[in-house]
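Single-letter residue listing:
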Amino acid sequence: MKTDLKIKEDILAELEWQPNVDEMQIDVFVKDGIVTLKGTVDSYAKKMTAENAAQNVYGVKAVVEDIEIKYNTGKVKTDTEIAKAVIDTLKWNSSVPEKSIKIKVEDAWVYLAGVVPWEYQKNAAKKAVQKLHGIEGVINNIVIKPTLNPIEVQSRISKAFERSAKLEAKKIKVEVTGHTVKLTGTVHSVAEKDEARKAAFLAPGVTRVENNLLVDYHPEYA
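Described in the following lines is the structure provided in the data block. (Residues numbered from 1 in each chain as written. Predicted model: local features only at pLDDT ≥ 70, side-chain atom pairs only at ≥ 80, totals over all residues. Heavy atoms only, no water.)

### Regarding the overall build of the chain
- When you go through the chain residue by residue, the secondary structure sums to six helices and 11 strands.
- Classification of the 222 residues of the chain by burial places 39% in the buried group.
- Considering only contacts within the chain whose residues lie at least 6 apart along the sequence, 65% involve residues at least 24 apart.
- Here the chain has roughly 12700 Å² of accessible surface; of this, 52% comes from carbon and sulfur atoms. (Helix = DSSP H or I, 4+ residues; strand = E, 2+ residues; numbered from the N terminus. Buried < 20%, exposed > 50% of the residue type's maximum accessible area, 1.4 Å probe, protein only. Contact = heavy atoms within 4.5 Å. Areas by Shrake-Rupley, 256 points an atom, 1.4 Å probe, with all protein chains shown as cover.)

Encoded structure:
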């Protein structure tokens, strides 16, 4: 099992690898595999990049994100300007049915609502918006409209796991109740656990994933 010092070194290396993040702006603290990120960045996108980089490092059990956003420009965008930028961004994103998305902006926080048939559309909306300059954060309240019955959803998820080179499908059990998917079994890293969650969310009609997968560390994956 990795030591906290080794985990910290790997996170710093991962941050250094990210082209849009200055690793010198981020302080990394690790205790018992739990990572705390502190520091200041000039965009919400950089904040999320740092968090994702830490989550992808082998040996990390959890990430506590305490990074602040301070924009460098003297002019702060108004909520109206941010709202217009959100509308334009979603309009030009082919993965997002922009007519189905409702937008609210308050104190530079963007709230997304509406109904879409696919989880990737919900995620694409948030990813597109979180790159915008001037925002403090994104609350994604978009709802997934069910389109398949539970048995069909379970079959699709299991087949997706079997196709994935990153997952050992035989070690993951999928249960579907209503619109909720429950994952149990073992994976080799936090990144694989998150990959399984993402794969489950790609099934149409899934609105919730209970990710109970256990991370089973092995030296050969370190």
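### As for the pattern of salt bridges
- A complete count under the given rule lists 11 salt bridges for this structure.
- The partner of Asp 10 in a salt bridge is Lys 6, with the nearest N and O atoms 3.3 Å apart. Residue Asp 10 and its partner Lys 6 are both found in helix α1 (residues 4-17); the two are separated by four residues, about one turn of the helix.
- Residue class for Lys 6 comes out partly exposed when judged on its relative accessible area of 38%.
- For Asp 42, the salt bridge identified is with Lys 46, shortest N-O distance 2.9 Å. (Salt bridge = Lys/Arg side-chain N within 4 Å of Asp/Glu carboxyl O.)

### Structural notes on the packing of aromatic side chains
- Using the criterion set out here, one finds one aromatic pair in the structure.
- Look at Trp 118 and Tyr 120: their rings are 6.2 Å apart centre to centre, the planes differ by 45°, and that puts the pair in the tilted class.
- Under the relative-accessibility criterion, Trp 118 is labelled partly exposed at 29%.
- Assessed through its relative accessible area of 38%, Tyr 120 is described here as partly exposed.
- Here the guanidinium or amino end of Lys 104 rests over the ring plane of Tyr 111, the centre of that ring lying 5.4 Å away. (Phe/Tyr/Trp six-rings, centres within 6.5 Å; stacked < 30°, edge-to-face > 60°. Lys NZ or Arg CZ within 6 Å of the ring centre and 35° of its normal.)

### Observations regarding α1
- Helix length check: α1 (14 residues) gives 20 Å between terminal C-alpha atoms against 20 Å at 1.5 Å per residue, within 8%.
- Taken residue by residue, α1 has Ile 7, Asp 10, Ile 11 and Leu 15 as its buried positions. Taken end-on, α1 shows its buried residues confined to a sector of 140°, consistent with a single buried face. Every exposed residue of α1 that faces more than 90 degrees away from the buried side is listed here: Leu 5, Glu 16 and Trp 17.
- Buried positions along α1 lie against β1 (26-31), β2 (34-41) and α2 (44-55). (Expected span 1.5 Å × (residues − 1). Arc of directions from axis to C-beta.)

### Remarks on the layout of surface pockets
- By volume, the largest pocket amounts to about 1000 Å³.
- Lining the largest pocket are 33 residues; nearest its centre among them are Asn 52, Lys 127, Asp 194, Arg 197 and Lys 198.
- Within the residue set of the lining of the largest pocket, elements represented by two or more residues are α2, α4 (119-130), β6 (137-140) and α6 (190-201).
- The element that contributes the greatest number of residues to the lining of the largest pocket is α6, accounting for nine residues. (1 Å grid on protein atoms, 1.4 Å probe; cavity = no way out; pocket = protein on both sides within 12 Å on 5 of 7 lines; lining within 4 Å. Points joined across faces, edges and corners; volume = space filled by probe spheres on them.)

### Structural notes on α4
- Spanning 12 residues, α4 covers 17 Å between terminal C-alpha atoms, matching the ideal 16 Å at 1.5 Å per step.
- Of the positions making up α4, those classed as buried are Glu 119, Gln 121, Lys 122, Ala 124, Ala 125, Ala 128, Val 129 and Gln 130.
- Here the buried face of α4 lies against α2, α3 (79-91), β5 (109-116), β6, β7 (143-144) and α6.

### Section: the pairing of strand β4 (residues 101-106)
- As defined by bridge partners, β4 adjoins β5 across six bridges and the pair is classed as antiparallel. Each residue of the ladder has a partner; that of Ile 103, found in β5, is Leu 112.
- The antiparallel pairing of β4 with β5 creates a hairpin that spans two residues between the two strands, and Asp 107 there sits at a positive phi of about 55°. (Pairing = 2+ DSSP bridges.)

### Re the side chain of Glu 119
- In this fold, Glu 119 is placed in helix α4.
- It turns out Glu 119 is buried and unbridged, and the closest side chain with the opposite charge, Lys 122, is 4.9 Å from it.
- If we skip the residues at most four places from it in the chain, Glu 119 touches Ile 144, Phe 201, Leu 202 and Val 206. (Lys, Arg positive; Asp, Glu negative; His and termini not counted.)

### Description of the environment of Tyr 44
- With respect to the helices and strands, Tyr 44 occurs in helix α2.
- For Tyr 44, a relative accessible area of 6% corresponds to the buried category.
- With sequence-adjacent residues up to four places away left out, Tyr 44 is seen in contact with Ile 69, Tyr 71, Lys 126, Gln 130, Ile 135, Glu 136, Gly 137 and Val 138.

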